[in-house]
Amino acid sequence: MRKSAFLAALTLSLSFCTFSRDFSIKKHELLMPPPGGLVNSYNLEEQLAAGYIPEVLEFLVKSKGAEMDSARFARVLGQAVLERGDFRAARLPLERAFAGEGRPHERAETAWRLSQSFYWTGDFAQSAAWARTAISQGLRVPAGWVAFLDSGKDLHPYSGASPGERIRLSMNATSPRVPRVKVEINGNVTDEMVFDTGASMSLITNKAATALGLVKVAGGETTAYGLHRVAFPLHMAWADTARIGTVTLEHVPFGVVPDDALTFQTASGAAYQFAGVLGAHFLKEFDWRVEYGRKTLLGLRLDPEKPRGSRDQNLFFRRLKPMIRVSVNQRPWFLFLLDTGSEPSMVTRAGLRKAKTSGIEALAPMTLEGIGKSRVSWGKISDITVGAGRFMISYKDIVVREDSEGIEDGVLGSSFLANFETEILFSSMTVLFELPSERLLRESQANVPAPVY
């Protein structure tokens, strides 16, 4: 039996630490452009794994599969389209790849990707069917996850709100420096919930789930992972409604975690406790503008039937999480987990090797606290630059994460995001950044308020 598809998929990365705030913001400039001819028929899988998703798609479109096995062409195309965020369009090539593939491990991976494509669009019956197919081909998928998918076969997750409905509400983004909002679940207002793009799905404590009337799925027990793969139990459940701002969604899935899983005791002695987190599966239903300075969250309900993505997108999905394309030390390109629920930004050892950077400092390691009462101490690296969109930040110190399971080359957390008015546009799969000073100038010149997303 091959390793669990869930180890990376349900790695949840809410994290806090005491870290250096010594940094400078500059215009994002690359030292050199990406080399031409980066992708060819021999290195397709390698370059796709490295995060060159647009380049792989461009090559496949131009080559039209010439001199390539048809099953291989369909498999790579389907994976790249899925990671681009066009979930429905990924199904045809993935189905062709599954039908034409003879190797069980590739059939298992392709079936799991098909399960993901249906999961993202809310067709849980088909997602469950393909998950079972992946299991039959040797992939480990927890029975509790399949039971959860089965429980939603007659539901329409996140229904009830019309495309174009808008959200505007106050948020808390200080101590810790991650955005939190109040949500009304089953008609009752919750304590603060973290706006957490780094979590694959939404979570809620057992105490809150009981008080708010969530219905646990029979047989829906599984396991999720915090920092350093610290495991904690997760029981899948459904809320009848979740209201954020003035927008109400129906049939909203949550993972129920132990009460202390969302309690954090930091090295400085501060204690934080949250009722839950709103994860990527929930958040992808909207375009967002996170105004850290104004402590305001703006949202725009998307049309779930419309395809996603754009020519200049810098946001992708991998292992059920949003990944943003960044530069490291002005070298392109790297995939970082887009994580509004993490205070620190981080780079993995794998990312540093890719950037051809050395010099990790093991002395005075930086201690992080995460979901599931996990605590780890990792090293740091000094004088490193991370760039995304129009800006790059030169950090005096940045955390070096030892493992890269589920986060690829690093994490773009609030130590980057909170310096801007950050737009996370799941419609076009782009993340845009605007300095508060730019926003004030734009508004004063136009004499209109900031746009609502």
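Residues numbered from 1 in each chain as written. Predicted model: local features only at pLDDT ≥ 70, side-chain atom pairs only at ≥ 80, totals over all residues. Heavy atoms only, no water.

A separate point is the pattern of salt bridges. Scanning all chains against the criterion turns up 26 salt bridges. Note that Arg-75 is salt-bridged to Glu-101, the shortest N-O span being 3.9 Å. Separated by 26 residues along the polypeptide, Arg-75 in helix α4 (residues 70–84) and Glu-101 in the loop between α5 (91–100) and α6 (104–120) bring together distant segments of the chain. Exposure remark for Glu-101: the relative accessible area of 10% places this residue in the buried category. The salt bridge involving Lys-284 is made with Glu-285; its shortest N-O contact spans 2.7 Å. Side by side, Lys-284 and Glu-285 carry an identical accessibility label, which is buried. What emerges from the salt-bridge pattern is a single network uniting Glu-45, Arg-72, Arg-75, Glu-101, Arg-103 and Glu-106. (Salt bridge = Lys/Arg side-chain N within 4 Å of Asp/Glu carboxyl O. Helix = DSSP H or I, 4+ residues; strand = E, 2+ residues; numbered from the N terminus. Buried < 20%, exposed > 50% of the residue type's maximum accessible area, 1.4 Å probe, protein only.)

Put simply, α4 and α5 touch, their axes get as near as 7 Å, and they point 145 degrees apart. Note on packing geometry: the crossing formed by α4 with α5 is left-handed. Of α5, the residues touching α4 (which contributes Ala-71, Ala-74, Arg-75, Leu-77, Gly-78 and Gln-79) are Pro-93, Leu-94, Arg-96, Ala-97 and Gly-100. (Axes fitted to C-alpha atoms, helices over the stretch in contact; angles between N-to-C directions. Left-handed = near helix turned anticlockwise from the far one by under 90°. Contact = heavy atoms within 4.5 Å.)

Grouped together as the largest cluster of nonpolar side chains are 130 residues, with contacts concentrated most on Ile-185, Phe-282, Trp-288, Ile-324, Leu-412 and Phe-433. Examining the composition of this core, we find that 8 residues originate from one element, strand β12 (residues 231–244), more than from any other. (Core = buried A, V, L, I, M, F, W, Y, C linked by side-chain atoms within 4.5 Å.)

Right, let's get into helix α3 (residues 53–63). Residues Ile-53, Glu-55, Val-56, Leu-57, Leu-60 and Ser-63 constitute the buried set of α3. On its buried face, α3 sits against α2 (44–49), α4, β19 (315–318), β20 (321–328) and β21 (331–338). At the C-terminal side of α3, Lys-64 shows a positive phi close to 55 degrees.

The next thing to look at is the packing of aromatic side chains. Two aromatic rings are characterised by how far apart their centres lie and by the angle between their planes. A complete count under the given rule lists 21 aromatic pairs for this structure. The interplanar angle of 85 degrees and the centroid separation of 5.8 Å between the aromatic rings of Tyr-158 and Phe-282 together place this pair among those described as edge-to-face. Residue Tyr-158 is located in the loop between α8 (143–151) and β5 (166–170), and its partner Phe-282 is located in helix α10 (residues 280–283); the two are separated by 124 residues in the primary sequence. Considered together, Tyr-158 and Phe-282 belong to a single accessibility category, that of buried residues. Of the aromatic side chains, those joined through ring pairs into one cluster are Phe-87, Tyr-119, Trp-120, Phe-124, Trp-145, Phe-148, Trp-238, Phe-317 and Phe-426. When the ring centre of Phe-98 is taken as origin, the NZ or CZ atom of Arg-107, which lies over that ring, is 4.0 Å away. Cation over ring: Lys-354 sits above Phe-334, and NZ or CZ is 5.0 Å from the ring centre. (Phe/Tyr/Trp six-rings, centres within 6.5 Å; stacked < 30°, edge-to-face > 60°. Lys NZ or Arg CZ within 6 Å of the ring centre and 35° of its normal.)

With 86% of its residues at a pLDDT of 70 or more, the protein shows a mean pLDDT of 87. Between the elements of the protein, mean pLDDT differs from a low of 52, seen in helix α1 (residues 6–9), to a high of 98, seen in helix α7 (residues 124–136). (pLDDT = per-residue confidence, 0-100.)

Pairing between sheet strands relies on hydrogen bonds along the backbone, with the strands arranged either parallel or antiparallel. Read across the open sheet, the 5 strands follow the order β5-β18-β17-β27-β28; overall the sheet is antiparallel. For this open sheet the edge positions go to β5 and β28 (430–434), each flanked by a neighbour on one side alone. Each adjacent strand pair in this sheet contributes to an overall mean axis angle of 10 degrees, direction not counted. Relative to strand β18 (residues 296–301), β5 runs antiparallel, the two sharing 5 bridges. (Pairing = 2+ DSSP bridges.)

As for its position among the elements, Glu-405 is in the loop between β25 (391–401) and β26 (410–412). Of the residues examined, Glu-405 reaches a relative accessible area of 17% and is grouped as buried. Residues Glu-405 and Thr-348, 57 residues apart in the sequence, show an inter-C-alpha distance of 9.6 Å.

A few words on the pairing of β20. Among the 8 residues of β20, 8 are classified as buried, and the element is accordingly described as predominantly covered. The two faces of β20 match: Lys-321, Met-323, Arg-325 and Ser-327 on one face and Pro-322, Ile-324, Val-326 and Val-328 on the other face are all buried. Pairing of β19 with β20 involves 4 bridges; the strand directions are antiparallel. Across the sheet, residue Leu-315 finds its bridge partner in β20, namely Ile-324. Joining the antiparallel neighbours β19 and β20 is a turn of 2 residues, in which Arg-319 adopts a positive phi near 55 degrees.

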